[in-house]
Amino acid sequence: MTDPSRQPVPPPRSRGSIALLEANCTSCMLCARECPDWCIEIDSHTEAVPAGTERGRARQHHVLDRFAIDFGLCMWCGICIEVCPFDALFWSPELVPSAADPVDLIAERDVLGELLAGVPLPEVLHPGAVPMTEQSRS
Ligand code: SF4
Ligand code: SF4
């Protein structure tokens, strides 16, 4: 068995796995549609947002119910991260643990959120995006 202390430490920007910053995700489905392996599953529902003013109109917004990536199918191409218009997906240096059952390679939103802990803090690219801070990781 390999001594874990002798395992190489991956560089901070390495492609170990994919992390999700849920606060930025609008359930737009772009990442799921562009993924060449169809390994992203997203479920959401819409909720009404009442008008903010007397003459305003009520709106609808998407609420995320499920976000999962099947790392058994993923080929680490990075397309999902590139196409996300809201900076909700990031490369994490955390490696995906091996599993005997392929089902265990499906990472749900809570696991994808925990992977943020290893992501180096990025610059905010869009003024409307929620910046990823130490607080939003927890
Ligand atoms: S890295 Fe590529 S294959 Fe993996 S989930 Fe993203 S788009 Fe799909
Ligand atoms: S592209 Fe980004 S915002 Fe849209 S569903 Fe995927 S992670 Fe969420």
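Residues numbered from 1 in each chain as written. Chains lettered and ligands numbered in written order. Predicted model: local features only at pLDDT ≥ 70, side-chain atom pairs only at ≥ 80, totals over all residues.

(A) Representation of the overall build of the protein within the structure. Counting secondary structure elements, the protein contains 4 helices and 5 strands. Of the regular secondary structure in the protein, the N- to C-terminal order runs β-α-β-β-α-β-β-α-α. Here the protein holds 138 residues, and 19% of them are scored as buried. Look at the contacts in the protein between residues 6 or more apart in sequence, and 73% of them connect residues 24 or more apart. (Helix = DSSP H or I, 4+ residues; strand = E, 2+ residues; numbered from the N terminus. Buried ≥ 20, exposed ≤ 12 C-beta atoms within 10 Å, placed from the backbone. Contact = placed C-beta atoms within 7 Å.)

(B) Region of the structure containing the site of ligand 2. In the vicinity of ligand 2, the contacting residues are C25, T26, S27, C28, M29, L30, C31, I42, C84, F86, A88 and L89. A breakdown of the residues in the shell around ligand 2 according to their chemical character gives 10 nonpolar, 2 polar and no charged. (Near = placed C-beta within 6 Å. Nonpolar A, V, L, I, M, F, W, Y, C, P; charged D, E, K, R; others polar.)

(C) Spatial organisation of the site of ligand 1. Contacts to ligand 1 come from 13 residues, most closely from C35, C74, C77, I79 and C80. Residues of the shell around ligand 1, tallied by class, amount to 11 nonpolar, 1 polar and 1 charged.

(D) How the structure looks around the sheet that holds strand β2 (residues 40–49). Read across the sheet, 3 strands follow the order β2-β3-β5 without closing on themselves; strand pairing throughout is antiparallel. Each of the sheet's edge strands pairs with one partner strand only, and the pair in question is β2 and β5 (106–107). (Pairing = 2+ DSSP bridges.)

(E) Examining the nonpolar core more closely. Core analysis: the biggest nonpolar cluster contains 21 residues, and I18, A19, L20, C80, L89 and L112 have the highest contact counts within it. Put simply, the parts of the chain that give this core at least two residues each are β1 (17–20), β2, β3 (59–70) and β4 (89–92). Apart from residues lying up to four places away in sequence, C80 is in contact with I18, C31, E34, C35, I40 and L89. (Core = buried A, V, L, I, M, F, W, Y, C linked by C-beta atoms within 7 Å.)

(F) View of unusual backbone geometry. Residues other than glycine seldom take positive phi values, yet W38 does so here, at roughly 55°. Positionally, W38 belongs in the loop between α1 (30–34) and β2.

(G) Quick peek at the environment of A19. Inspection of the secondary structure assignment puts A19 in strand β1. In sequence terms A19 and I81 are 62 residues apart; their C-alpha atoms lie 9.4 Å from each other. Contacts of A19, omitting those with residues within four sequence positions, involve F90, S92, L112, L115, L116 and V119.

(H) Looking closely at the environment of L64. Its location among the elements puts L64 in strand β3. A tally of 16 C-beta atoms within 10 Å means that L64 is categorised as partly exposed. When sequence neighbours within four positions are dropped, the list of residues in contact with L64 reads E22, C25, S27 and S44.

(I) The environment of E82, seen in detail. Residue placement: E82 occurs in helix α2 (residues 79–83). With 48 residues separating them in the primary sequence, E82 and E34 have C-alpha atoms 10.0 Å apart.

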